Each structure stands twice: as structure tokens, then as C-alpha cells.
Amino acid sequence: MSTTAPAPAISQTASKDERGGIGKDGIAPADAVSIATIKKEPPPEKPESIRLRSFVLISFWAIILFLGLPIWWKTTTIYRASLPLDQMMDWADGRACRPVFPLRISIEADSLQDHEAQHLLRTTQHALDDLNDFSAHHLRLQLSPPTTNASTSIDGVSKGGDDGEVALLIRLLPGTETKADLQSYSPILDVYYTPNQIPSSSSSSSSLATYIANTLRGMFAEEQAMIAYLLSTSSAPPERSPKALAPEVAESLAKWTTRSMKYSRTYHLTFSLFTPAATPSSWEIEAALEEHVKPLLQSFSAISNFTIDTQVQLYANPGVSGNILQKEDLSAFINAAEWPLSPSIGGAPTVNFIIYVGDMEVEGGGKSWLIPQWGGVVIQSDISDLRPAMLIFSNQLMSLLGAPESGSLPLRLMTLVRVRSAGLLLKASGTMGSLARLTLALPSISIPQSVAEGVHTTIEHLRKACDGLGGKEGLENAIIAEEAAEKAFFEKSMVGQVYFPDEHKVAVYLPLLGPVGVPLVMGVLKEFKAWRKRRRGGK
């Protein structure tokens, strides 16, 4: 009885397996559905939610595009003032101005009849034109008004009645021989002639006219060479460039440019006495400067201003030893490590003049020498008489300022005015070209309004300087143009951005735009995919 009880249980279990879809052999039937593969789909998204999400995304992008980008553009844009680049390049290339130096020379011929003077003027002018091969520098002759109306100013420039500044006054005086005498401290040339040299009205040439023309050409040859050298080293068009200078003349003018100091409105002069012992401890420098130097500086008042200081240094040993100084030792004579030489004061260049008390001399017998763009040195054992040293310093100062070596003082000063005018005009024009090329080469550099104003000021005064070359007004305009051009080119806000490459901008913006931009872009892509999916599902 006990052995038949478990049978129903086994049958019930088997029937349960069959109801579950599993056969007696453990294999599921073909029409069975696996419970594990059935996923519960999320409920369909409501249209209101889709619109809300799209509105949020559009709002973010609208804020960025219509508010963020304009603010960023406004706050980071580089201001570039408008510059007349074409005019600037015209000045740099020499197309805007043709430098011409018309020197007016007045002839005073009181001893000649009016028709004789007019005929001599014409024949002399023809002779000058035949000798001149440089059109930018030419001499214009004119008859002087009566002596009572003509005058000579204290700075050495003759004043004619109608034509303003006169470079030279020629006085024709009867004599026993033909000769010319140039006065040392006034721009007056006395020309003596014999009675048989007066040309007749029918003659086309005259020995007196030829003599005057050759004399004038010799007097202004150095000035002409200086101006020709400046123009030849500039970027003037080939048709306006002067003829090639002789090699020895070009070499001399190259030394002149190396020796001369850069132009400045003000120079500071320092006169120093250095002695290797305790004596002398004083010198009569104030009286020497008052008598020998200050009159010369007064003559330069139309070109530059000067300030002066003096000093005495005891127990000052030079940088070299020995009583005979070799030429190669001159550069080491200045003991810059121990001698208290004045630096540039207030931005003005300093010109140093040194008197060293000693018995040294330069090989060959000299006791003074010039240091280019720096100053001069005089070795003198006795300083009781400072006149020789002051005269040497005066000549050295003239050389350092770029004055010609020949001619009377007034003529040298007026030559310096014309040469400085030409040099400053060419320099300012070159600076305009450099600024224009910099503007085109660096489109990302800012150009403040002050630079544009400086450019317009420069061009305005360049025109005035070009029209007035040869006189003091032309020099003043050239100075203003050069200063304005330098100030515009070296504007602080521009110079700082010249050295700011684009790689720095990438380094600044990438850490900011990456975290902000990636989620927004990915949100747009995700929303676009969802829209495509909904569109396909609707079909």
C-alpha cells in the first residue's frame, strides 16, 4: 500500500513542465516566446515636451548668436583707423615730392649801368646752367635792390627786397685784377673786375661771367655733393636720382654721415677737465665759453638749441698708457669705467668735449681728435689759455652737427639748414613707407586714431617742407614731419601687438569655447537625429 503513493506527484510535475512549454526531453517548442527578449517600450513623448526641448535649444543658440557674438565682436575687435596708404607709399617712393633747392644769389652792381648789369646777369646765369649737371640744386641770380633797401640779418642771411632769403650777395667792385674775396662772418662775396671785362650788349659770353660762375660752382660744390649723396641713398625714382658721384667723393660723404650725429632740436654739451693729479683743480671755463663757444651756438639757434654743463675730475687716468698714442689706441683713451661722463639728459643727445692735462701726443704730432657721434678730445699741458682748445671744440662741434668743412660760417650754417631739411624730409618719407608696409603686412595690428592724426600731420608738413626747401621754414616743417612720423610709427599700442601671434589667441579661446561649444553642438545633432526618426516613423 505504501509503494503506490508517489506516482501522482510525478505525473503532476510532468504536466506542469508541459504547460510551461518545455517537453519531456527539455527542448522548447518552436512557437515558444522567450521572456528575456521582451522589452518594455517607454511611453511616446508628448509633443509639448518635444517643443519645449527644441525651444530651450533654440534659446541657447539665439542668446549665443544674437547677444554673445555681438558683445564678443564689439569687445575684442581691433580698431584700425583709416590711413592714406597710397599717399604714404608715394612719399616713400619719392613720387609725391621732387626735392629742389633753388638758391637765390643777389648781385649788387652799383658801378655798372642797368643794361650792363642785366646783360652780365643773363650771361652769368647761362654759364651756371651749362656747368650744373644736378637739376635739384641750382643757383638763381637776381639783381640786388639799391643798397639802402637791402640788408644783411644778424644770422648771416641776406634779405632781398622781393624774394626773401638770399643765400649769397655778390658785390661787383672795380679793381686792378680779377679776384674774389668771401667775407668770413657774412654771406658776402666781393668780386673785383677790370674795366675791360664788362661784356658788351652784343656778346653772348664774358670772361667775368665765366669767372663768377666758376667761383660760385666751387663755393657750393660741397653742398651739392651732400644733397646728391642723400638723394642717391634714398628711394627716389631713377629719373630723379643724381648722377653717380666720384668714388673718392662718395667715400668722403659716407664718412660724413658716419661722423655726424642724429638731428635733434636740443643738444647737451658737456665740457670736462681730466687731470691725473690733484692739480689743476679749477679752470676758467665760463669765460672761455662765453667768448668762444656761445657766439657759435647763437648762430645755430635757427637749427638747434644747446644746454651746457662743465666738470673737473682729479686723479683721472686714461684707458691707455705712454706718451705717444697710436691711432689704434685713441678709441681706448676714454676711460668710461672711471670717468664720470654725462649721459643723455632729458632725452637730448650729449656731446662730450674733454681736455686732458698731460704731455701725451698722437703719433704724427697731433694732440686732438674727433670721436664720431660722441665728441672730441684735446690734450693740453697748460690750461691757463683755453682759447686753442675752444677753437678746436668749435670745429669739432661743426663736424659733429654735419656742417660742411669749407666756406664761411654763414654759408656753412645755411648749407646745414638745407642738408638737414633734405635729410629729415627723406627720413620722414621713409618712415611713412615703413608704416604703410607694416599696416599691410599685419592685418591684425590695431591702428589708433592718434596714428592716423600723426600720419596726416606728417603728410601736411611734408608738403610744406617740400615747397619750402632751402629756407628755415622748410627746415621747421621737416622737423615737425619727422617728429610726427616717428611718434606715429612707434605708437605703444601698436608695438605691443606686433609680437602677439595667432597661436596666443588659440590658447586663450580654446579652453573657453571647448566646454561651452561641445554640449551645444551635440544637442543640435541629437535633436536633428530625433527629428529624422520621428519623420520616418510618421511615414
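These numbers come from a predicted model, not from an experiment.

Honestly, the overall build of the chain in this entry has me stumped. Any pointers?
Scanning the chain from N- to C-terminus turns up 15 helices and 15 strands. Among the 539 residues that make up the chain, the fraction classed as buried is 38%. In the chain, of all internal contacts separated by at least 6 residues, the share reaching a separation of at least 24 is 72%. Element-wise, carbon and sulfur atoms account for 57% of the exposed surface of the chain, whose accessible area totals about 30700 Å².

For this particular structure, what's the right way to read the sheet that holds strand 15 (residues 375-379)?
Sheet strands line up and pair through hydrogen bonds in the backbone, either parallel or antiparallel. Strand order in the open sheet made by the five strands is 10-9-12-15-14, with mixed pairing throughout. Either end of the sheet is taken by a strand with one partner, and the two such strands are strand 10 (305-313) and strand 14 (368-371). Averaged over all neighbouring strand pairs, the angle between strand axes comes to 15 degrees, with direction disregarded.

How should I be thinking about the packing of aromatic side chains in this particular structure?
On inspection of all chains with the given rule, the structure shows 13 aromatic pairs. Arranged with centres 6.0 Å apart and planes meeting at 80 degrees, the rings of F333 and W339 form a pair that is edge-to-face. Its relative accessible area of 3% is what places W339 among the buried residues. Feature note: the residues F274, F333, W339, Y356 and W369 constitute an aromatic cluster, connected by ring pairs. The ring of Y192 carries the charged tip of K179 above its face, separated from the ring centre by 5.3 Å.

Sorry if this is basic, but what is going on with helix 11 (residues 409-441) here?
What sets the pattern is the α-helix's 3.6 residues per turn: residues three or four places apart point alike. In this model helix 11 runs 47 Å from its N-terminal to its C-terminal C-alpha over 33 residues, within 8% of the 48 Å that 1.5 Å per residue would give. When you tally the buried positions in helix 11, you get 24 out of 33 residues, the bulk of the element.

Would you mind showing me how to read the pattern of salt bridges here?
Oppositely charged side chains are able to pair whenever their charged atoms sit close together. What the rule picks out here adds up to 14 salt bridges. R418 is the salt-bridge partner of E223, the closest N and O atoms lying 2.5 Å from each other. Residue E223 is found in helix 6 (residues 221-232), and its partner R418 is found in helix 11; the two are separated by 195 residues along the sequence. Each of the two residues, E223 as well as R418, counts as buried. K294 serves as the salt-bridge partner of E290, at 3.1 Å between the closest nitrogen and oxygen. With E290 and K294 both in helix 8 (residues 285-299), this residue pair falls four residues apart, about one helical turn. Salt bridges sharing partners connect three or more residues here, namely R53, E527 and R534.

Hey, could you run me through the pairing of strand 8 (residues 188-193) in this one?
It is a general feature of regular strands that their side chains alternate between the two faces of the sheet. Most of strand 8 is tucked away, with five of its six residues classed as buried. Sheet topology note: the strand 6 (residues 168-174)/strand 8 ladder contains six bridges and is parallel. Bridging from a neighbouring strand, I170 pairs with L189 of strand 8. Examined bridge by bridge, strand 7 (residues 179-182) and strand 8 share four bridges and lie antiparallel to one another. Paired with K179 across the strands is Y192, a residue of strand 8. Counting the residues that bridge the hairpin from strand 7 to strand 8 gives five residues.

I would appreciate a short explanation of the packing of helix 3 (residues 85-92) against helix 12 (residues 449-467) in the present structure.
The relative placement of two packed helices comes down to the angle between their axes together with the axis-to-axis distance. Helix 12 packs onto helix 3 with a crossing angle of 40 degrees between their chain directions and a minimal axis gap of 11 Å. Relative to helix 12, the element helix 3 lies oblique. Crossing of helix 3 against helix 12: the hand is left-handed. In this structure, helix 3 contributes Q87, M88 and W91 to the contact, and helix 12 contributes V455, I459, L462, R463 and C466. Among the residues forming the contact of helix 3 with helix 12, the class breakdown is six nonpolar, one polar and one charged.

Explain the sheet that holds strand 8 to me, please; I cannot follow it from the model alone.
Here five strands make up an open sheet; going across it, the order is 2-1-6-8-7 and the pairing mixed. Across the chains shown, the open sheet's two edge strands, defined by having one partner strand only, are strand 2 (137-143) and strand 7. The average angle at which neighbouring strand axes cross in this sheet is 25 degrees, direction not considered. Each of strand 1 (101-108), strand 2 and strand 6 is contacted by helix 4 (residues 114-131), which is oriented at about 175 degrees to strand 2, the strand it contacts most. Along the sheet, helix 5 (residues 207-219) contacts strand 1, strand 2, strand 6, strand 7 and strand 8; its crossing angle with strand 8, the most-contacted strand, is approximately 150 degrees.

Looking at this model, I keep getting lost on the state of the cysteines. Mind explaining?
What makes a disulfide is a covalent bond joining the sulfur atoms belonging to two cysteines. Considering all chains together, one arrives at one disulfide under this definition. Note that C97 is cross-linked by a disulfide to C466, the S-S spacing being 1.8 Å. The sign of the S-S torsion, about 95 degrees, decides the handedness of the disulfide formed by C97 and C466: right-handed. Here C466 lies in helix 12 and C97 lies in the loop between helix 3 and strand 1, a separation of 369 residues in the sequence. The residues C97 and C466 share a single accessibility class, namely buried.

What counts, and where the lines are drawn
- Residues numbered from 1 in each chain as written.
- Predicted model: local features only at pLDDT ≥ 70, side-chain atom pairs only at ≥ 80, totals over all residues.
- Heavy atoms only, no water.
- Helix = DSSP H or I, 4+ residues; strand = E, 2+ residues; numbered from the N terminus.
- Buried < 20%, exposed > 50% of the residue type's maximum accessible area, 1.4 Å probe, protein only.
- Contact = heavy atoms within 4.5 Å.
- Areas by Shrake-Rupley, 256 points an atom, 1.4 Å probe, with all protein chains shown as cover.
- Pairing = 2+ DSSP bridges.
- Axes fitted to C-alpha atoms, helices over the stretch in contact; angles between N-to-C directions.
- Phe/Tyr/Trp six-rings, centres within 6.5 Å; stacked < 30°, edge-to-face > 60°.
- Lys NZ or Arg CZ within 6 Å of the ring centre and 35° of its normal.
- Expected span 1.5 Å × (residues − 1).
- Salt bridge = Lys/Arg side-chain N within 4 Å of Asp/Glu carboxyl O.
- Parallel < 35°, antiparallel > 145°, perpendicular 65-115°, else oblique.
- Left-handed = near helix turned anticlockwise from the far one by under 90°.
- Nonpolar A, V, L, I, M, F, W, Y, C, P; charged D, E, K, R; others polar.
- Disulfide = S-S within 2.5 Å.

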